[in-house]
Amino acid sequence: MEKASNLLLKLSRRLFNNLDEQEIFVETLIHPKPFHPCILWCKEKPKDSPFSVETPTVWQPQFIDRLSLGEKPGQHPLHEQGYFYCLDFSSVFAASTLLTIPSPVKLVFDMCAAPGGKSIFAWKCLQPELLISNEVIGKRLGMLISNLKRCQINSSVVVSKDSTLFAERISLSSHLVIVDAPCTGQSLLAKGGKAPGCFHPTAINKSANRQKRIIANSAQVVAPQGYLSYMTCTYSPEENEEVCEWFLERFPQFKAVEISHLQSYQSHLTSVPCYRMFPQDRLGAGAFTVLFKNTDEGEKNKVDMEALSAVWMNIAITSPTSQ
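Residues numbered from 1 in each chain as written. Predicted model: local features only at pLDDT ≥ 70, side-chain atom pairs only at ≥ 80, totals over all residues. Heavy atoms only, no water.

**Some details on the packing of helix α1 (residues 6–15) against helix α2 (residues 19–30)**
A pair of packed helices can be characterised by two numbers: the angle between their axes and the separation between those axes. The N-to-C vectors of α1 and α2 enclose an angle of 140°; their axes lie 9 Å apart at closest approach. By the angle class used here, α1 and α2 are oblique. When you trace α1 past α2, the crossing you get is right-handed. Contact with α1, carried on its side by L8, L9, S12, R13 and L15, involves Q22, F25, V26, L29 and I30 of α2 and no other residues of that element. The residue inventory of the contact of α1 with α2, partitioned by class, reads seven nonpolar, two polar and one charged. (Axes fitted to C-alpha atoms, helices over the stretch in contact; angles between N-to-C directions. Helix = DSSP H or I, 4+ residues; strand = E, 2+ residues; numbered from the N terminus. Parallel < 35°, antiparallel > 145°, perpendicular 65-115°, else oblique. Left-handed = near helix turned anticlockwise from the far one by under 90°. Contact = heavy atoms within 4.5 Å. Nonpolar A, V, L, I, M, F, W, Y, C, P; charged D, E, K, R; others polar.)

What follows is the structure in structure tokens.
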């Protein structure tokens, strides 16, 4: 993008009151610069790192390394051997809310899982007894399955169905449901990518409506006292803060959890405890994240994987019979 569109300028004014902040935000999108590569260690780190590593942030988990510019971890032999997964540091920021969830965790359900980064992050930090990774878009299933197998994510199952079916068939079952929501993908521009029409109101409203449907269905899968993690890689308030406010109005049993290590990233666009990383922070291309807790009391429902296999397309990595 060589010149800022009027729609981008309009968004910058909605996001920031300060003129300098508006200009810096726009500049990072129309003239993107490379971000430090980042890896998630699935196996124990080697004693001597094969990469040049940057100083970690105070909230960065031990199993994450942010690497120096110029490092190409995806080309290293350890990558193919499943030692680590490559991801944007913005994804680490968004998923870091999961670090506050107490153990033990029996079942984690990732509703929009491909290519697998959030599933792998949840598996690494929470060590659930069972991980179910769902991806409704068929052409994205291959990369999800490949990444989970390469990284040797045990006790995991890949499924491919609409969120409505999960709300009906496995309600109140999961200790954690992750919704890395499909969005307009505006942060792709900060990485030098393309996202045609990502600032257009029609695209934003269509995306926000889809997100509301997915998060509403996902809420019904969360067990009493369980958690719902919502995150996006876009900037529009309609897809972020406004979805959270809509959700809390319709599901009053859920409360947003304050994440102490992200307090300095609190969104100034709402009073709800939710957090934003912007590309001008120079850590990653940008992300929005919030963690909700289901405050209802009661017993969680069990998931019978053998019974479900007759109904859904199950692609087992390592599948227990029930949970």
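Right, picking up where we left off after that structure.
**What about the pattern of salt bridges?**
For the structure on display, the rule yields nine salt bridges. E242 is paired through a salt bridge with R14; the nearest N and O atoms lie 3.7 Å apart. Taken together, the residues E242 in helix α9 (residues 241–250) and R14 in helix α1 connect sequence positions 228 residues apart. With relative accessibility at 37%, the residue R14 sits in the partly exposed group. (Salt bridge = Lys/Arg side-chain N within 4 Å of Asp/Glu carboxyl O. Buried < 20%, exposed > 50% of the residue type's maximum accessible area, 1.4 Å probe, protein only.)

**Here we look at the environment of P46**
One can find P46 in the loop between β1 (38–41) and β2 (64–66). According to the relative accessible area criterion, P46 is partly exposed, its value standing at 29%. Linking P46 and T100, residues 54 residues apart in sequence, is a C-alpha distance of 26 Å. The residues touching P46, leaving out its near neighbours within four places in the chain, are W41 and L78.

**Points about the nonpolar core**
One finds L40 and W59 to be the most contacted residues of the largest nonpolar core, which totals 44 residues. Look past the residues within four positions of W59 in its chain and what remains in contact with it is F89, V92, F93, S96, L99, H261, L262, Y265, M277 and L283. Grouped together as the second largest cluster of nonpolar side chains are 33 residues, C112, V222, W246 and F292 included. (Core = buried A, V, L, I, M, F, W, Y, C linked by side-chain atoms within 4.5 Å.)

**Regarding the sheet that holds strand β3 (residues 84–87)**
Pairing within the open sheet is antiparallel, and its three strands lie in the order β2-β1-β3. Strands at the two margins of the open sheet, each flanked by one partner only, are β2 and β3. Each neighbouring strand pair of the sheet contributes to a mean axis angle of 25°, computed without reference to strand direction. Strand direction decides the pairing type here: β1 and β3, joined by four bridges, are antiparallel. Within β3, the residue paired with C38 across the bridge is L87. Its contacts with the sheet place helix α5 (residues 117–126) against β1, β2 and β3, and it is angled at close to 45° to β1. (Pairing = 2+ DSSP bridges.)

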